[in-house]
Amino acid sequence: MAASPSSPATGRSGPALALAGLAALLASSCCVLPLVLVLLGISGSWISRLRVLEPYSNALILLSLAALALAAWQIYRPARRAGQACASDDAACQVTRAGARRWFWWVALLAAIPLLVPLVAPLFY
């Protein structure tokens, strides 16, 4: 069975990983998101309005962690049936799962940075 982009090993984890990254950026909208926007060359006085999202920071952090947990479960769970997901001896599928695992850890690292900055920032001032 050849691995396809929408195979259960990788196809369902993509939206969860995107949601985790977006929720992490929105959770840190008071600190990291304005910095990212300025580094991308986007500026303006409207960036200060991003503090409106600060009361939702805790909910967005929980959403980000839940989305990461869902993506991890979808990527690392064992297949129940050989036909449901990749066979254990299918080399193409192992490459696909390895790629999905790499993307998971990249997104987890990039989501951890904006989630940890508000906790660590008071130590520097």
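In this text, all values refer to a predicted model and were calculated from it rather than measured experimentally. (Residues numbered from 1 in each chain as written. Predicted model: local features only at pLDDT ≥ 70, side-chain atom pairs only at ≥ 80, totals over all residues. Heavy atoms only, no water.)

S.K.: For the nonpolar core, give the residues involved together with the corresponding values.
M.R.: Judged by nonpolar contacts, the single largest core of 16 residues is most densely connected at Leu 17, Leu 68, Ala 71 and Phe 104. Per-element tally for this core: the top contributor is helix H4 (residues 91–120), with 6 residues. In this structure Phe 104 touches Leu 17, Leu 68, Ala 71, Ala 72, Ile 75 and Tyr 76, once residues within four positions along its chain are discounted. (Core = buried A, V, L, I, M, F, W, Y, C linked by side-chain atoms within 4.5 Å. Buried < 20%, exposed > 50% of the residue type's maximum accessible area, 1.4 Å probe, protein only. Helix = DSSP H or I, 4+ residues; strand = E, 2+ residues; numbered from the N terminus. Contact = heavy atoms within 4.5 Å.)

S.K.: Just give me the short version of the side chain of Ser 64, but keep the residues and values in it.
M.R.: Following the sequence through the fold, Ser 64 ends up in helix H3 (residues 57–76). Ignoring anything within four residues of it in the chain, the contact list for Ser 64 reads Ala 20, Ala 23, Ala 24, Ala 111 and Leu 115.

S.K.: Hey, could you go over H3 for me, with residue numbers and the actual values?
M.R.: Here H3 contains 20 residues, and its C-alpha end-to-end distance of 28 Å stays within 8% of the 28 Å for a straight helix at 1.5 Å per residue. Turning to H3, its buried residues number three or more, namely Ser 57, Leu 60, Ser 64, Ala 67, Leu 68, Ala 71, Gln 74 and Ile 75. Axial view of H3: buried residues confined to an arc of 130 degrees, hence all on one face. Along H3, the residues that are exposed and aim more than 90 degrees away from the buried face are Asn 58 and Leu 62. (Expected span 1.5 Å × (residues − 1). Arc of directions from axis to C-beta.)

S.K.: An account of helix H1 (residues 13–27) is needed here, citing residue identities and associated values.
M.R.: For H1, spanning 15 residues, the distance from its first C-alpha to its last is 21 Å, which sits close to the expected 21 Å at 1.5 Å a residue. Where H1 is concerned, the buried positions are Ser 13, Ala 16, Leu 17, Ala 20, Ala 23, Ala 24 and Ala 27. Here the buried residues of H1 occupy an arc of 130 degrees about the axis, which is enough to place them on one side. Seen from the open side of H1, the exposed residues pointing more than 90 degrees away from its buried face are Pro 15 and Ala 18.

S.K.: Help me get a handle on a nonpolar patch on the surface, residues and values and all.
M.R.: On the surface, Trp 103, Trp 106, Leu 109, Leu 110, Ile 113 and Val 117 cluster together to form a nonpolar patch covering roughly 660 Å² of accessible area. With respect to the helices and strands, Ile 113 occurs in helix H4. Residue class for Ile 113 comes out partly exposed when judged on its relative accessible area of 45%. (Patch = residues over 30% accessible without salt bridge, like charges linked within 9 Å, V, L, I, M, F, W, Y side chains within 5 Å. Areas by Shrake-Rupley, 256 points an atom, 1.4 Å probe, with all protein chains shown as cover. Salt bridge = Lys/Arg side-chain N within 4 Å of Asp/Glu carboxyl O.)

S.K.: Can you lay out the packing of H1 against H3 for me, pointing to particular residues and giving the numbers?
M.R.: The N-to-C vectors of H1 and H3 enclose an angle of 160 degrees; their axes lie 8 Å apart at closest approach. Comparing their axes, H3 and H1 come out roughly antiparallel. Crossing of H1 against H3: the hand is left-handed. Contacts from Ser 13, Ala 16, Leu 17, Leu 19, Ala 20, Ala 23, Ala 24, Leu 26 and Ala 27 in H1 reach Ser 57, Leu 60, Ile 61, Leu 63, Ser 64, Ala 67, Leu 68, Leu 70, Ala 71, Gln 74 and Ile 75 in H3. A class-by-class count of the residues in the contact of H1 with H3 yields 16 nonpolar, 4 polar and no charged. (Axes fitted to C-alpha atoms, helices over the stretch in contact; angles between N-to-C directions. Parallel < 35°, antiparallel > 145°, perpendicular 65-115°, else oblique. Left-handed = near helix turned anticlockwise from the far one by under 90°. Nonpolar A, V, L, I, M, F, W, Y, C, P; charged D, E, K, R; others polar.)

S.K.: If you had to explain the packing of aromatic side chains to someone new, which residues and values would you point to?
M.R.: Per the stated rule, a full pass over the model turns up 2 aromatic pairs. Among the aromatic residues, ring-to-ring pairing joins Tyr 76, Phe 104 and Trp 105 into one connected group. (Phe/Tyr/Trp six-rings, centres within 6.5 Å; stacked < 30°, edge-to-face > 60°.)

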